[in-house]
Amino acid sequence: MAEDSDLEKTESATPRRLQKAREEGQIARSRELSTFALLAAGFFGVWGMSGSIGEHLQGMLRTSLTFDHSALETRRMLIGAGVASREGFYTLLPILVFTGLAALLAPLALGGWLLSAKGLEPKFDRLNPITGLGRIFSINGPIQLGLSVVKTLVVGVIGGTAIWNRREEILALATEPLQLALANTMHLIAVCCGMTVAGMFVVAALDVPYQLWQFNKKLRMTKEEVKREHRESEGDPHVKGRIRQQQRAIARRRMMTNVPKADVVVTNPTHFAVALQYADGEMRAPKVVAKGVNLVAARIREIAAENNVPLLEAPPLARALYHNVELNREIPGPLYGAVAEVLAWVYQLRRFKTEGGDVPLAPTDLDVPADLDQGGVPDDEADQEAADVLNPANNPDKDDVSGASA
């Protein structure tokens, strides 16, 4: 039962599925909406321009039906027919423009315009008579037949009602003068055509929601398809998590190779260790080139000792640097003073080693803002760093770190 429910297409189509269907030429379409748009454009176009159209057609007919002996020649008759045809075309051109625009704009109401080469590709499976019979006798066949019957009934009932309600006016046309009868006839035709257009509006209003529902139902997806598409577009979360973990591990292992290049390592002395580097003229401010807690901090101190990098015990400064400065980033302004004292001590220590003299005293009571000293050791992060940097199974570059330390 669980497998059957999982295979049911109960999920709405995703944006990617909709885009793929559009590329394949599958969009929601309503032929009834297009039919209504064409009829409405033609009806209102003729109605709005009936005066000018009537005048042009009347003049064209008067010219064409005027008897002229000189026009009985074949050549003159053909010229006259061409002129009449051109005049009729120019007269009806606005109506053709209106209906053409309606045919182009009607699809925008649902799926918009679509130019897809895949829709023009020949599909030979449609030539299979068995497949065709299957479509005819499928559940969709009776539904389409029922919709056609409903459409015919709606339009027929509305049009028939309009004619029946005006039956007396229609019968009275036979007793009216010619000019009045023609005018009333045109009026009745316009009313009946308008009622027919109204009937098509009702049909289109019923067909559009059905076509949208049918289209969305056709593109529904199973839960497994949604999950698979999410994995394909976004990537497997487990794989992405593993990649991020490996990237962090590589970055932390590479961090250890920067410890020998540091000017000083500030320690807690046991929980935190932060390596600082400053190159006058190349950096605006000292930057953190390595940092860690617990076992990673111990490894940083070990590498620093092997490479004669000075170690300074300054717990508040070590914690502030660890919590507030990312790797390879410059220290913030509030720590400039404290770090400047530390670097001054480093430069004095170097001068002592080369020139001798009194041993410089390590700075104490450094000015570290209280809001930057967050204290505490993030156990989860400490454990992750230790696993990434110190575990031989996860640290193929450990030999490189040791080599850099030597």
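Only a predicted model underlies this, so the values are computations on that prediction, with no experimental measurement involved. (Residues numbered from 1 in each chain as written. Predicted model: local features only at pLDDT ≥ 70, side-chain atom pairs only at ≥ 80, totals over all residues. Heavy atoms only, no water.)

What follows covers the overall build of the protein chain. In terms of regular secondary structure, the protein chain is built from 16 helices and 4 strands. Expressed as a percentage of the 406 residues in the protein chain, the buried residues total 30%. A separation threshold of at least 6 residues defines the contact pool for the protein chain, and within that pool the share at least 24 residues apart is 77%. Accessible surface computed for the protein chain: about 26000 Å², of which carbon and sulfur atoms make up 60%. (Helix = DSSP H or I, 4+ residues; strand = E, 2+ residues; numbered from the N terminus. Buried < 20%, exposed > 50% of the residue type's maximum accessible area, 1.4 Å probe, protein only. Contact = heavy atoms within 4.5 Å. Areas by Shrake-Rupley, 256 points an atom, 1.4 Å probe, with all protein chains shown as cover.)

Moving on to the pairing of strand β2 (residues 272-277). Taking burial as the measure, the 6 residues of β2 include 5 buried ones, the bulk of the element. Pairing analysis gives 4 bridges linking strand β1 (residues 264-267) to β2, with the strands arranged antiparallel. Looking at β2, one finds that Thr267 is bridged to Ala273. Two successive antiparallel strands, β1 and β2, enclose a turn made up of 4 residues. (Pairing = 2+ DSSP bridges.)

Let's shift gears to the confidence of the model for the protein chain. Averaged over all residues, the pLDDT of the protein chain is 76; the fraction at 70 or higher stands at 77%. Here residues 1-6 is modelled with pLDDT under 50, and outside its nearest four sequence neighbours on either side it reaches 3 contacts, counting other chains as well. The model gives residues 392-406 a pLDDT under 50, and that stretch makes 25 contacts with residues more than four places away or in other chains. (pLDDT = per-residue confidence, 0-100.)

The next subject is the sheet that holds strand β3 (residues 287-293). Read across the open sheet, the 4 strands follow the order β3-β2-β1-β4; overall the sheet is mixed. Only two strands of the sheet have a single neighbouring strand rather than two, namely β3 and β4 (311-313). This sheet shows a mean twist of 20° between the axes of neighbouring strands, independent of strand direction. Bridging between β1 and β4 involves 3 bridges; their strand directions are parallel. What sits directly across from Val265, in β4, is Leu311. (Axes fitted to C-alpha atoms, helices over the stretch in contact; angles between N-to-C directions.)

Moving on, we come to helix α3 (residues 31-48). With 18 residues, α3 extends 26 Å between its outermost C-alpha atoms, agreeing within 8% with the 26 Å of an ideal straight helix rising 1.5 Å per residue. Residues of α3 that are buried: Glu32, Leu33, Phe36, Ala37, Ala40, Ala41, Gly42, Phe43 and Gly45. (Expected span 1.5 Å × (residues − 1).)

With that settled, consider the nonpolar core. Of all hydrophobic cores here, the largest spans 28 residues; its most connected members are Leu276, Leu317, Leu321 and Leu335. Listed by contribution, the elements that provide at least two residues to this core are β1, β2, β3, α13 (315-324) and α14 (336-355). Each residue touching Leu321, except ones within four places of it in the same chain, is listed here: Val266, Val274, Leu276, Ile331 and Leu335. With 15 residues, the next largest nonpolar core counts Met255, Ala273, Ala290 and Ala297 among its residues. (Core = buried A, V, L, I, M, F, W, Y, C linked by side-chain atoms within 4.5 Å.)

Quick look at the packing of aromatic side chains now. Aromatic ring pairs are described here by two measures, namely the spacing of the ring centres and the angle between the planes. Considering all chains together, one arrives at 4 aromatic pairs under this definition. An angle of 35° between the planes, with centres 6.1 Å apart, marks the rings of Tyr210 and Trp213 as tilted. Of the two residues, Tyr210 and Trp213 both sit in helix α9 (residues 178-218), 3 residues apart, roughly one turn of that helix. Under the relative-accessibility criterion, Tyr210 is labelled buried at 16%. Among the residues examined, Trp213 registers a relative accessible area of 41% and is labelled partly exposed. (Phe/Tyr/Trp six-rings, centres within 6.5 Å; stacked < 30°, edge-to-face > 60°.)

Let us look at unusual backbone geometry. In this structure, Asn328 takes a positive phi of about 60° despite not being glycine. Position of Asn328 among the secondary structure elements: in the loop between α13 and α14. A relative accessible area of 43% places Asn328 in the partly exposed class. The residue Asp365 is not glycine, and still its phi comes out positive at about 50°. Structurally, Asp365 is set in the loop between α14 and α15 (379-390). Classification of Asp365 as exposed rests on a relative accessible area of 77%.

This part covers the side chain of Glu32. Following the sequence through the fold, Glu32 ends up in helix α3. Since its relative accessible area comes to 15%, Glu32 is described here as buried.

This part takes up the pattern of salt bridges. In total, this model carries 3 salt bridges according to the counting rule given. Linking Glu330 and Arg284 is a salt bridge whose minimum nitrogen-to-oxygen distance equals 3.5 Å. Here the residue Glu330 occupies a position in the loop between α13 and α14, and Arg284 occupies one in the loop between β2 and β3, the gap between them amounting to 46 residues. Take Glu330: its relative accessible area is 31%, and that puts it in the partly exposed class. Looking at Arg284, the relative accessible area reads 74%, which means it is exposed. We note a salt bridge from Glu302 to Arg299, for which the minimum N-O separation is 3.0 Å. Of this pair, Glu302 and Arg299 both sit in helix α12 (residues 295-306), 3 residues apart, which is roughly one turn of the helix. Its relative accessible area of 11% is what places Arg299 among the buried residues. (Salt bridge = Lys/Arg side-chain N within 4 Å of Asp/Glu carboxyl O.)

The class of Glu302 is partly exposed, set by a relative accessible area of 39%. Along the chain, Glu302 and Val259 lie 43 residues apart, while their C-alpha atoms are 9.8 Å from each other.

It is worth spelling out a nonpolar patch on the surface at this point. On the surface, Phe89, Tyr90, Leu92, Leu93, Leu96, Val97, Phe98, Leu101, Leu104, Leu105 and Leu108 cluster together into a nonpolar patch covering about 1000 Å² of accessible area. Looking at where Leu104 falls in the secondary structure, it is placed in helix α5 (residues 74-105). Residue Leu104 is classed as partly exposed on the basis of its relative accessible area, which comes to 49%. (Patch = residues over 30% accessible without salt bridge, like charges linked within 9 Å, V, L, I, M, F, W, Y side chains within 5 Å.)

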